[in-house]
Amino acid sequence: MIALTAILATGSLAGAQAPTLGDQQVRLKSAAAEASAARERARTLERAAAAERDRAAQAKAEEAAANERIRAAEADIAAADARIAIVDRLLAAQRAGLSAQQSPILKLLAALQSMARRPPILGLIQPGSTADMVHVRAALGAALPLVEARTAAVRAELQRVGQLRATAGTAVARLQQSRARLEDERLALVQLEAEHRLRSEALGRTALVESDRAIAMGERAREIADQMEVAGSVAEIRASLAGLEGPLPRPNERDTLLARSPGGRPYLLPVWGRLATGFGEMSATGVRARGLTLACAAGVPVRAPAAGRVAYAGPFRGYGGVIILDHGNGWTSLLAGLGGMRVRVGQHVAQGAPIGRAGSGDSPHVTVELRRRGTPVDLVQLLD
């Protein structure tokens, strides 16, 4: 009510340089339309945020919706200001008209009050005064209907002024509500931005932890690769030295080999297929083969050649899928060229159990190497 009293008393927008009533009405319509459009955009963005599955896009849509709600509140404030200005102008016009209508009535009432204050004794002292009084009463009787009509018009104007005052009070209340909603929306936007910032920081920390894990796994893979390369170099040197003096050493008796083989049982080929490269064969690059390479059909099952524990299972450089089985007592088997794997590190598999499948393509190959304490062994002597 204090704000309403100040507006009605000062007539802040009723000056000579204030905009016209038509301009203020246009401003009111424009602000109301802008507020409605902003609220509709906010609802559209809220629906888009609810349907979005990407967290980053959802956060962006939520912040955009909050901004649109703030724009709607600001437009509501502008509309309330325009509505108050219109009511202020109408009240000023009503006051001016009411003053013009009240002036003759006030003069008549003043004359009547002056006559009413005259003592009755004057009618005896001044005989003409009685005649004047009779004429005045006759004039009042003729003027009374006009006075009553003007008084009714004034009462109607006063009623309209009261309605305008109530409208002004409603406009001021809407203005206060719009300002309160604007503060709430701004606070909600600040809280939303803070939540998104905290979520982004948490995701960043998680990504950093996963990156460290990936780096550690990469270092472990490089260590395994270096160990395999060192073991391969030693085996190549030994094979070269052995080749200078004569054929590669072979066990004397198959029974002795079987007794010392992994699990004391004959070794199994991982797949059925055509022998592409034999043990000890020299490649075009001058590298001697440390195992057997079998050409097989695409996607056929690959089975464990002997029982053991899975020491490694995963892709490795240009060898495709690689599985290393630890049979115990220094025996290990390496299988390369797999297109898919069905085992994990640490798992124990039985002899002949499926551990993967061959690769796809025109000419899939599966390579198997048997080693004894890092030294390649000709597994042909151990086959059943």
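Residue numbers restart at each chain and count upward from 1, following the sequence in its written direction. Totals for whole chains, interfaces and linings use every residue, but because this is a predicted model, local features are given only for residues with pLDDT of at least 70 and side-chain atom pairs only at 80 or more, for both listing and counting. Hydrogen atoms and water are omitted, and side-chain values are computed over all heavy atoms in the structure.

1. What about the overall build of the protein chain?
Note on conventions: DSSP H or I runs of at least 4 residues are helices, E runs of at least 2 residues are strands, and numbering of each starts at the N terminus. Each helix and strand in the protein chain was counted, giving six helices and ten strands. Counted over contacts in the protein chain with a minimum sequence separation of 6, partners at least 24 positions apart contribute 69%. Here the Shrake-Rupley method, with its probe set to 1.4 Å, supplies the accessible areas, and only the displayed protein chains count as covering residues. Roughly 23,600 Å² of accessible area belongs to the protein chain as shown, and the carbon and sulfur atoms make up 57% of that amount. Contacts are assigned to residue pairs with any non-hydrogen atoms lying within 4.5 Å of each other.

2. A look at the nonpolar core
Residues Tyr267, Val302 and Ile355 are the most contacted members of the largest nonpolar core, which totals 26 residues. Those elements that provide at least two residues to this core are strand E2 (292-295), strand E5 (321-328), strand E6 (331-341), strand E8 (354-358) and strand E9 (365-372). By size, the runner-up hydrophobic cluster in this structure holds eleven residues, among which are Ala73, Ala80, Ile84 and Leu189. The nonpolar core is taken to be a set of buried Ala, Val, Leu, Ile, Met, Phe, Trp, Tyr and Cys residues, with the residues joined through side-chain atoms within 4.5 Å. Burial classes follow relative accessibility: with a 1.4 Å probe on protein chains only, a residue under 20% of its type's maximum area counts as buried, one over 50% as exposed, and anything between as partly exposed.

3. Concerning the side chain of Asp378
Structurally, the position occupied by Asp378 is in the segment after strand E10 (375-377). Definition of a polar contact: a pair of N or O atoms within 3.5 Å, with one able to donate and the other able to accept a hydrogen when the atoms are protein atoms, and with sequence-neighbouring residues admitted only if both atoms are side-chain atoms. Here Val380 takes part through its backbone nitrogen, which lies 3.2 Å from a polar atom of the side chain of Asp378.

4. Overview of helix H2 (residues 21-51)
Expected helix span is computed as 1.5 Å times (number of residues minus one). Under the 1.5 Å per step criterion, the end-to-end length of H2 is 45 Å for 31 residues, consistent within 8% with the ideal 45 Å. For H2, the set of buried residues is Gln24, Leu28, Ala31, Ala35, Ala38, Ala42 and Ala49.

5. A closer look at the side chain of Arg371
Secondary-structure assignment places Arg371 in strand E9. For Arg371, a relative accessible area of 10% corresponds to the buried category.

6. Re the pattern of salt bridges
By definition here, a salt bridge exists when the distance from a side-chain nitrogen of Lys or Arg to a carboxyl oxygen of Asp or Glu is within 4 Å. Summed over all chains, the structure comprises ten salt bridges. The closest approach of N and O atoms between Arg43 and Glu40, which form a salt bridge, is 2.8 Å. Residue Arg43 and its partner Glu40 are both found in helix H2; the two are separated by three residues, about one turn of the helix. Here Glu68 makes a salt bridge to Arg41, at a shortest N to O gap of 2.9 Å. Of the two residues, Glu68 is situated in helix H3 (residues 55-116) and Arg41 in helix H2; the sequence distance between them amounts to 27 residues.

7. Points about the pairing of E2
Of the two faces of E2, the one holding Leu292 and Leu294 and the one holding Thr293 and Ala295 are both buried throughout. Two strands form a pair only when DSSP identifies at least two bridges running between them. Bridge analysis of E2 against E9 gives four bridges, and the strand direction is antiparallel. Each residue of the ladder has a partner; that of Leu294, found in E9, is Val366.

8. Re unusual backbone geometry
A positive phi angle, near 55 degrees, is found at Asn329, a position not held by glycine. Secondary-structure assignment places Asn329 in the loop between E5 and E6. The exposure class of Asn329 is exposed, given its relative accessible area of 66%. Phi at Arg373 is positive, roughly 55 degrees, even though this residue is not glycine. Examined against the element boundaries, Arg373 turns out to sit in the loop between E9 and E10.

9. Observations regarding the environment of Val349
The topology assignment puts Val349 in strand E7 (residues 348-349). On a C-alpha basis, the gap between Val349 and Leu325 in space is 8.8 Å, while along the polypeptide they are 24 residues apart. Residue contacts for Val349: discarding those within four places in its chain leaves Ala304, Ala307, Gly308, Val310, Leu325, Val343 and Ile355.

10. Notes on the pairing of E8
As paired strands, strand E3 (residues 301-303) and E8 are joined by three bridges and run antiparallel to one another. Residue pairing across strands places Arg303 opposite Pro354, the latter belonging to E8. Summarising the sheet, E6 and E8 pair through three bridges and their orientation is antiparallel. When the sheet's bridge partners are listed, Leu338 is paired in E8 with Ala358.

11. Focus on the packing of aromatic side chains
Within 6.5 Å between ring centres, the rings of Phe, Tyr and Trp (the latter by its six-membered ring) count as paired, and their orientation is classed by plane angle as stacked under 30 degrees, edge-to-face over 60, tilted in between. Enumeration according to the criterion identifies one aromatic pair in this entry. On the numbers, 6.0 Å between centres and 25 degrees between planes, the contact of Phe316 with Tyr319 is stacked.

12. Some points on the confidence of the model for the protein chain
The pLDDT value tells you how sure the predictor is about a given residue, anywhere from 0 up to 100. Within the protein chain, residue pLDDT values average 76, and 72% of them lie at 70 or more. This model gives residues 1-16 a pLDDT under 50, and the stretch forms 22 contacts once residues within four places in sequence are excluded.

13. Re the environment of Arg39
By secondary structure assignment, the location of Arg39 is in helix H2. A relative accessible area of 35% places Arg39 in the partly exposed class. Discounting chain neighbours no more than four positions away, the residues touching Arg39 are Ala72, Asp76 and Arg181.

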